[in-house]
Protein chains: 2
Amino acid sequence: MEIDLREIHSPADIKGMSMERLELLSAELRAALTRKLAARGGHVGPNLGVVEATVALHYVFDAPKDKIVFDVSHQSYAHKMLTGRMEAFLDPSRYGDVTGYTCPRESEYDLFEVGHTSTSIALATGLAKARDLAGGKENVVAFIGDASLGGGMALEALNYAPELGSNIIVILNDNQMSIAENHGELYNHLAELRKTNGTAENNIFRALGYEYIYVEEGNDLRSLIRAYSEARGQNRAVLVHINTMKGMGLPCAEAHKEQFHYNAPFDPKTGANLVMAQGESYQEIFAHHLLSKMRDNGSVVGLTAGTPGAIGWGPEMREAAGKQFVDVGIAEQDCVTMAAGLARGGARPVVGVVSTFLQRAYDQLSHDVAINNLPATFVVFYGGMFGMNDMTHLGFFDIAMVSNIPNITYLAPASAEEYLAMLDYAVDSAAGPVVVRTPGGAVRHQSTPVNTDFSKYEVVEQGAEVAIIAEGSFLPTALKAAEILRGKGVAPAVINPRVLSSVDAGCLDALKGYRHVITIEDGIVDGGFGQKVAAYLGDAPVKVTCLGLKKEFLDRFIVADVLIANGLTPEQIAEIA
Amino acid sequence: MEIDLREIHSPADIKGMSMERLELLSAELRAALTRKLAARGGHVGPNLGVVEATVALHYVFDAPKDKIVFDVSHQSYAHKMLTGRMEAFLDPSRYGDVTGYTCPRESEYDLFEVGHTSTSIALATGLAKARDLAGGKENVVAFIGDASLGGGMALEALNYAPELGSNIIVILNDNQMSIAENHGELYNHLAELRKTNGTAENNIFRALGYEYIYVEEGNDLRSLIRAYSEARGQNRAVLVHINTMKGMGLPCAEAHKEQFHYNAPFDPKTGANLVMAQGESYQEIFAHHLLSKMRDNGSVVGLTAGTPGAIGWGPEMREAAGKQFVDVGIAEQDCVTMAAGLARGGARPVVGVVSTFLQRAYDQLSHDVAINNLPATFVVFYGGMFGMNDMTHLGFFDIAMVSNIPNITYLAPASAEEYLAMLDYAVDSAAGPVVVRTPGGAVRHQSTPVNTDFSKYEVVEQGAEVAIIAEGSFLPTALKAAEILRGKGVAPAVINPRVLSSVDAGCLDALKGYRHVITIEDGIVDGGFGQKVAAYLGDAPVKVTCLGLKKEFLDRFIVADVLIANGLTPEQIAEIA
């Protein structure tokens, strides 16, 4: 009666199973998942919570003919195990074979590269519309968490989907958590639906035209299979609301849901982290500095859109900040525009945001903040190549995105001291919007005083003939390249530009007689600060080389390889100088 | 008993009025509005529909202490009349004194420059939070239309606002229309609320924690004043749902709501347009070409996010396209990501979008479309300086925004023939995402065949010494500049780059021996295609000048002035060559 997971090659292998065997299967999947997650880290709670919900999906629906779209897709591990990728979860030497998100390059069961929230229903409406035009009959399923549902585009699509008038199934995985706690009144409403076993008269989903099915026991296979079977094949929009337990089956993950949303390798018995954080982090520096500013000034407000941990604001810090810290939930647009409102109202808003997620509020940054030229501060984390490395979470694009919006000052510090000085400038005295780019890599310190006129580049090392203008985390690289060059008899100037949204004309004019100006930035070259320098120096005979990343989406890259591929090592830079 | 509008200088002047005088006032405001709208054009229906709702606002609330935020703010004309700007609506010689949107530069009663939808509730939450931190007691009011409410960020903020636990009032101006008809199931729900006089048990606003007040007669001052008074001063979130008539009081606008959402000058008696459209338009060319492609291929789908008219798709065209045309409502994120789903499902989606509104779907373009490298087509309208000229609707930024996203091919045609060929390429054969930039200005034709290898620049006129690479609508300018130069004995090459997201290395290599390369683009220079050219030519001695617009937000500019200010006339270009 035992289950050998290695014999599960595709969903076909589970279709004929009895309920007992499906339950055994779920237990085995959970055990294997726990082993891999403990050894490698990853999205612990989300994946352990949906083992049964995923087994039931592949039992009831007929993928890949039926189309299943996972929102964020950080909870798709059990799905991967059931769709031909079991070894990547059983064999430690193959743990790296699969990405942490759905990935069409891996499997026809994965329809999209996904990593940002709230996209699944819109993707599903597209699949459903394409099906309807082609005269198909397959089911289209969006599997979305309660936290992701609060994102604007999920609500847009939730609103639109029933208008298709054809089959679309939204499975709402309600684990009562975002990464941290949920925010927004929708969650009180979901609580009301749970409390009434789905019978509350006031029902937002019915109001929007959905057939609504509630599953109180969202980790019970029988209940799930019954509900999914009822939803399957209907020629209308159906929402199946399943009440699941985040971290199910692993006591430490059940108990510490925020910590175990995503965790580094850990001891599954105690929950203790196996990798200790080392030394300082910019997150901590930011959070403590902002908290002290809050204490000095009651109008300073910290904001996040659902990712407090990623910006250094754990539960204790949030508690300490009280009403001066706002988490709007996964709603980046609302967060950025609320900051505009705060600034107009006389407060000093400081939004901490992960580079890749700031993309979700481009128009809010431009239309609400920049056009109104409001003094709001945005602090970007994980910008550049030294942070996240999943294809859907790259931080290569924020310089091109932010620095070309009028009225915004985009600052890139190269040390902790410069970082703090820029935060002080932005929060205490700037008259318009300032974005500060948290450096990637290890925290660097400078012993020299920080020049607080941030419209000016800073010459870190005087030189002649060659100048290297290196942004943020690449300043140490430039200093090393300069050392190599000095060994060859060339004395390059090394310059920290600090501001990415404009050029320092005076500084650049002084370089027009140089032989070669090299710019380096931790992001794509296209649209970046280097191209502004190249254009400014277009009328001078000086040679200009813009270094940075090629405009491409990389996936799970090795930093050292990317540095070499883009000519970004000190040796390579010295070579071309 | 008559009302002299010229005696209304601020809301204080209407506070003591009797109901009869308020009614007279409303009638006078409507008559004056109608005169100005007929003479100048503008947002006819939205403004006529909210005259009473605005009079009641300023009667009940105490602006500017109480803070009123208008969503989109295209309906703020009566508000402007009541807050010190009456002359701009009475005196034809002063009609141009005010913008078409709220404008803090004009008045302290206007809190934000606004022109995009769905931002008001988020702005209001920021104002409310700032008030709470400062210990204030004023009311904060967001005035939002039913169509705008369907935008994701409005729903995000609607969800978050009650969590503030303090005063915030959302006035939902339900005129049962978007620019065109509404889309999404929310509107069936609003219909149910109207039908039941606000008593339906299923109530999405109550579900989200709002106190809900319904006003059936949304053009009746007494009802409005009663409802607003009930909402005022409450220490919680209140939603006042008012049922208004778009275009109220002007028969042609009441009857033709889509046409009179925004209209050119017209005869108020007949509704006939006073300004006739002249000659061809790219909108028409696009719409007819796409319709013929739909007829050839049942998988071609046209999509819009609530602005069908702006992309040439009037009611008849939509009718003709049937199921192959999708309007998701004002939900750009949903629209772009639905296109990704359509493409994955095997359909050929074509999204028509106004440049400034594409900003609202930056992440969807990047994360959903580009990372997945899906063959979806996006056709940008009103890009550049020849289209819209309100500060909140500028089309200067799409080149920097779109062309720096990997995997996207951004094409800029310079003639109708090139436009059609690019559309054919994008829709029929491209393997990845293609964005086509509709040229600004008059339709231009070319008699030479179109080279369909769009990765290559096209040399339109051979030359030597000087090369002018001019994007899209600036090609005629470049040709004129070349003519001037030829008169001076210089024979410049004139090049149409066609692709903005990459450089044509072969073409540029051939220019390295030139004396001067000039790039021109219809957008900001920063982050644009010219800076890519400058960077590429950084290793050559050739001088490079990048022309285009300065990175700034202009408002209601005169094209001729902007051309001169940025050195973009043929004479200026010839001068610097």
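Residues numbered from 1 in each chain as written. Chains lettered and ligands numbered in written order. Predicted model: local features only at pLDDT ≥ 70, side-chain atom pairs only at ≥ 80, totals over all residues. Heavy atoms only, no water.

Asker: Sorry, what's going on with the overall build of chain A here?
Answerer: For chain A, the helix and strand inventory stands at 25 helices and 16 strands. What you see for chain A is a C-alpha radius of gyration of 26 Å, in line with the 25 Å of a compact globule of 577 residues. Considered along the principal axes of its C-alpha atoms, chain A spans approximately 80 × 50 × 50 Å. Burial status across chain A gives 67% buried among its 577 residues. Restricting the contact set of chain A to residue pairs at least 6 apart, pairs at least 24 apart contribute 75%. In the structure as shown, chain A presents an accessible area of about 18,300 Å², 50% of it carried by carbon and sulfur atoms. When the 47 basic and 69 acidic side-chain charges of chain A are each reduced to a single mean position, those positions are 2 Å apart. (Helix = DSSP H or I, 4+ residues; strand = E, 2+ residues; numbered from the N terminus. Rg over C-alpha atoms; globule rule 2.2 N^0.38 Å. Buried < 20%, exposed > 50% of the residue type's maximum accessible area, 1.4 Å probe, protein only. Contact = heavy atoms within 4.5 Å. Areas by Shrake-Rupley, 256 points an atom, 1.4 Å probe, with all protein chains shown as cover. Lys, Arg positive; Asp, Glu negative; His and termini not counted. Charge placed at Lys NZ, Arg CZ, Asp CG, Glu CD.)

Asker: Explain the sheet that holds strand 10 (residues 409–411) of chain A to me, please; I cannot follow it from the model alone.
Answerer: In sheet architecture, strand pairing relies on hydrogen bonds along the backbone and comes in two forms, parallel and antiparallel. All names here are of chain A. Strands sit in the order 7-6-8-9-11-10 across an open sheet of six strands; the sheet is parallel. The sheet terminates laterally at strand 7 (325–327) and strand 10, the two strands that pair on one side only. Here the average twist between neighbouring strands, direction ignored, is 20 degrees. Here strand 9 (residues 377–381) runs beside strand 11 (residues 434–437); their pairing, made up of four bridges, is parallel. Counterpart to Phe-378 in the pairing with strand 11 is Val-435. (Pairing = 2+ DSSP bridges. Axes fitted to C-alpha atoms, helices over the stretch in contact; angles between N-to-C directions.)

Asker: Would you take a moment to explain the interface of chain A and chain B for this structure?
Answerer: Interfaces are often sized by the amount of accessible area the parts lose when they come together. Between chain A and chain B, the residue contacts involve 102 residues of the former and 102 residues of the latter. Interface of chain A and chain B: buried area, both sides summed, is about 8,100 Å²; carbon and sulfur atoms make up 60% of it. In terms of surface lost to chain B, no three residues of chain A exceed Glu-156, Glu-185 and Phe-553 of chain A, which account for 9% of the buried area on that side. Viewed at the interface, chain B and chain A are joined by four salt bridges. For Asp-363 of chain A, the salt bridge is made with Arg-360 of chain B, and the minimal N-O distance between the two is 3.5 Å. (Buried area = accessible area lost by both parts, 1.4 Å probe. Salt bridge = Lys/Arg side-chain N within 4 Å of Asp/Glu carboxyl O.)

Asker: For this particular structure, what's the right way to read the sheet that holds strand 5 (residues 237–243) of chain B?
Answerer: All names here are of chain B. A sheet is described by the order of its strands in space; here five strands give the open sequence 1-2-3-5-4, paired in parallel fashion. Of all the strands in the sheet, just strand 1 (67–70) and strand 4 (211–215) have a single pairing partner and so form its edges. Within the sheet, the average angular offset between the axes of one strand and its neighbour, ignoring direction, is 20 degrees. For strand 3 (residues 168–174) and strand 5, the ladder comprises seven bridges, and the chain directions are parallel. Bridge assignment links Ile-168 to a residue of strand 5, and that residue is Ala-237. Of the strands in this sheet, strand 1, strand 2 (140–145) and strand 3 touch helix 7 (residues 120–134), which is tilted by about 175 degrees from strand 2.

Asker: Got a minute to help me understand the packing of helix 4 (residues 51–60) of chain A against helix 12 (residues 221–231) of chain A in this structure?
Answerer: Packed helices, taken two at a time, are described by the angle their axes make and the gap between the axes. Residues and elements named next belong to chain A. At a closest axis distance of 9 Å, the pairing of helix 4 and helix 12 adopts a crossing angle of 45 degrees. With respect to their mutual orientation, helix 4 and helix 12 come out oblique. As helix 4 runs across helix 12, the sense of the crossing is right-handed. Of the residues in helix 12, those in contact with Glu-52, Ala-53, Val-55, Ala-56, Leu-57, Tyr-59 and Val-60 of helix 4 are Leu-221, Leu-224, Ile-225, Tyr-228 and Ser-229. When the residues that make up the contact of helix 4 with helix 12 are grouped by side-chain class, the tally is 10 nonpolar, one polar and one charged. (Parallel < 35°, antiparallel > 145°, perpendicular 65-115°, else oblique. Left-handed = near helix turned anticlockwise from the far one by under 90°. Nonpolar A, V, L, I, M, F, W, Y, C, P; charged D, E, K, R; others polar.)

Asker: Help me understand helix 14 (residues 282–296) of chain B in this model?
Answerer: Within an α-helix, residues lying three or four positions from one another point in the same direction, as the helix has 3.6 residues per turn. All names here are of chain B. With 15 residues, helix 14 extends 21 Å from end C-alpha to end C-alpha; this agrees with the ideal 21 Å at 1.5 Å per step. Every buried residue of helix 14 is accounted for by Tyr-282, Gln-283, Ile-285, Phe-286, Ala-287, His-289, Leu-290, Leu-291, Lys-293 and Met-294. Those residues of helix 14 that are buried are in contact with strand 6 (300–304), helix 15 (315–321), strand 7 (325–327), strand 8 (348–354), strand 9 (377–381) and helix 20 (416–429). (Expected span 1.5 Å × (residues − 1).)

Asker: What is the right way to read the relation of the copies chain A and chain B from this model?
Answerer: Put simply, the two copies of the chain differ by a rotation about an axis and a shift along that axis. Once chain A has been moved 0.0 Å along the axis and rotated by 180 degrees, it coincides with chain B to within an RMSD of 0.0 Å. Expressed as a symmetry operation, the mapping of one chain copy onto the other fits a two-fold axis. Interface overlap between copies: 100% of the residues of chain A at the interface are likewise at the interface in chain B, consistent with a symmetric, same-surface contact. (Least-squares fit on C-alpha atoms with pLDDT ≥ 70 in both.)

Asker: Explain the pairing of strand 13 (residues 466–470) of chain B to me, please; I cannot follow it from the model alone.
Answerer: Regular strands have side chains that alternate between both faces of the sheet. All names here are of chain B. In terms of burial, strand 13 is largely enclosed, as five of its five residues are buried. Of the two faces of strand 13, the one lined by Val-466, Ile-468 and Ala-470 and the one lined by Ala-467 and Ile-469 are each fully buried. Bridge analysis of strand 13 against strand 15 (residues 516–524) gives five bridges, and the strand direction is parallel. Residue Ala-467 lies in a different strand from strand 15, and its bridge partner there is Val-517.

Asker: How do you make sense of the pattern of salt bridges when you look at a structure like this?
Answerer: Side-chain pairs of opposite charge can arise whenever the charged atoms involved come near each other. Residues and elements named next belong to chain A. The full count for this structure, using the stated rule, is 66 salt bridges over all chains. We note a salt bridge from Arg-131 to Asp-132, for which the minimum N-O separation is 2.9 Å. Of the residues examined, Arg-131 reaches a relative accessible area of 4% and is grouped as buried. For Asp-132, a relative accessible area of 32% puts it in the partly exposed group. Note that Arg-318 is salt-bridged to Glu-258, the shortest N-O span being 2.8 Å. Of this pair, Arg-318 sits in helix 15 (residues 315–321) while Glu-258 sits in the loop between helix 13 (251–255) and helix 14 (282–296), and the two are 60 residues apart along the sequence.

Asker: What should I look at first to understand the state of the cysteines in this one?
Answerer: Cysteine pairs can be linked by a disulfide, which is a covalent bond between their two sulfur atoms. Enumeration over the complete set of coordinates arrives at zero disulfides over all chains. With no disulfide partner, Cys-546 of chain A has as its closest neighbouring cysteine sulfur the one in Cys-546 of chain B, 11 Å distant. A residue is classified by how much of its surface remains accessible, and Cys-546 of chain A, at 16% relative accessible area, is buried. (Disulfide = S-S within 2.5 Å.)

Asker: What's the story with the nonpolar core in this structure? I'm lost.
Answerer: The nonpolar side chains of soluble globular proteins are, as a tendency, buried together. Grouped together as the largest cluster of nonpolar side chains are 320 residues, with contacts concentrated most on Phe-205, Phe-286 and Trp-313 of chain A together with Phe-205, Phe-286 and Trp-313 of chain B. Apart from residues lying up to four places away in sequence, Phe-286 of chain A is in contact with Ile-311, Trp-313, Val-350, Val-379, Phe-381, Tyr-419 and Leu-423 of chain A. (Core = buried A, V, L, I, M, F, W, Y, C linked by side-chain atoms within 4.5 Å.)

Asker: Which parts of the structure should I look at to understand the confidence of the model for chain A?
Answerer: Regions with low pLDDT carry predicted coordinates that are not meant to be interpreted in detail. Taken over all residues, the pLDDT of chain A has a mean of 96, while the share at 70 or more is 100%. Confidence metrics for the complex model read pTM 0.97 and ipTM 0.97. (pLDDT = per-residue confidence, 0-100.)

Asker: It is not clear to me how unusual backbone geometry should be interpreted in this structure. Could you clarify?
Answerer: Across the chain, the bulk of peptide bonds are trans and the bulk of non-glycine residues have phi less than zero. Residues and elements named next belong to chain A. In the segment running from Ala-63 into Pro-64, the intervening peptide bond is cis, with an omega of 5 degrees. With respect to the helices and strands, the residue Pro-64 is situated in the loop between helix 4 and strand 1 (67–70). Phi is positive for Arg-498, which is not a glycine, with a value near 65 degrees. Unusually for a residue other than glycine, Arg-556 sits at a positive phi of about 40 degrees.

Asker: I keep staring at the packing of aromatic side chains and nothing clicks. Help me out?
Answerer: The description of an aromatic ring pair uses the distance of the two centres, along with the angle that the planes make with each other. Applying the stated criterion to the full structure yields 27 aromatic pairs over all chains. For the pair Phe-260 of chain A and Phe-266 of chain A, a centre-to-centre distance of 5.1 Å together with 80 degrees between the ring planes defines the contact as edge-to-face. For the pair Phe-260 of chain A and Phe-266 of chain A, one class covers both residues: buried. Arranged with centres 5.2 Å apart and planes meeting at 85 degrees, the rings of Tyr-282 of chain B and Tyr-419 of chain B form a pair that is edge-to-face. A residue pair is termed long-range when its members are at least 10 positions apart, and Tyr-282 of chain B in helix 14 and Tyr-419 of chain B in helix 20 qualify at 137 residues. Pairwise contacts between aromatic rings join Phe-396, Phe-397, Phe-553 and Phe-557 of chain A into one cluster. Above the face of the Phe-112 of chain B ring, Arg-344 of chain A is positioned so that its terminal group lies 5.5 Å from the ring centre. (Phe/Tyr/Trp six-rings, centres within 6.5 Å; stacked < 30°, edge-to-face > 60°. Lys NZ or Arg CZ within 6 Å of the ring centre and 35° of its normal.)

Asker: Sorry if this is basic, but what is going on with the side chain of His-183 of chain A here?
Answerer: Assignment of secondary structure puts His-183 of chain A in the loop between strand 3 (168–174) and helix 10 (186–195). At 3.4 Å, the side chain of His-183 of chain A and the backbone oxygen of Asp-327 of chain A are in polar contact. Those residues in contact with His-183 of chain A, other than ones at most four positions away along the chain, are Asp-327, Val-328 and Gly-329 of chain A together with Asn-159 and Glu-163 of chain B. (Polar contact = N/O pair within 3.5 Å; in protein donor to acceptor, adjacent residues only side chain to side chain.)

Asker: Which parts of the structure should I look at to understand empty space enclosed by the protein?
Answerer: Empty space among the atoms can be located by rolling a probe the size of a water molecule over them. Under the definition given, this model contains 19 cavities of 30 Å³ or more. In this structure, the largest cavity spans a volume of roughly 120 Å³. For the largest cavity, the full set of lining residues is Leu-155, Leu-158, Asn-159, Leu-186, Ile-204 and Leu-208 of chain A together with Leu-155, Leu-158, Asn-159, Leu-186, Ile-204 and Leu-208 of chain B. Where the lining of the largest cavity is concerned, the elements lending two or more residues are helix 9 (152–160) of chain A together with helix 9 (152–160) of chain B. Looking at the lining of the largest cavity residue by residue, the classes come out as 10 nonpolar, two polar and no charged. (1 Å grid on protein atoms, 1.4 Å probe; cavity = no way out; pocket = protein on both sides within 12 Å on 5 of 7 lines; lining within 4 Å. Points joined across faces, edges and corners; volume = space filled by probe spheres on them.)

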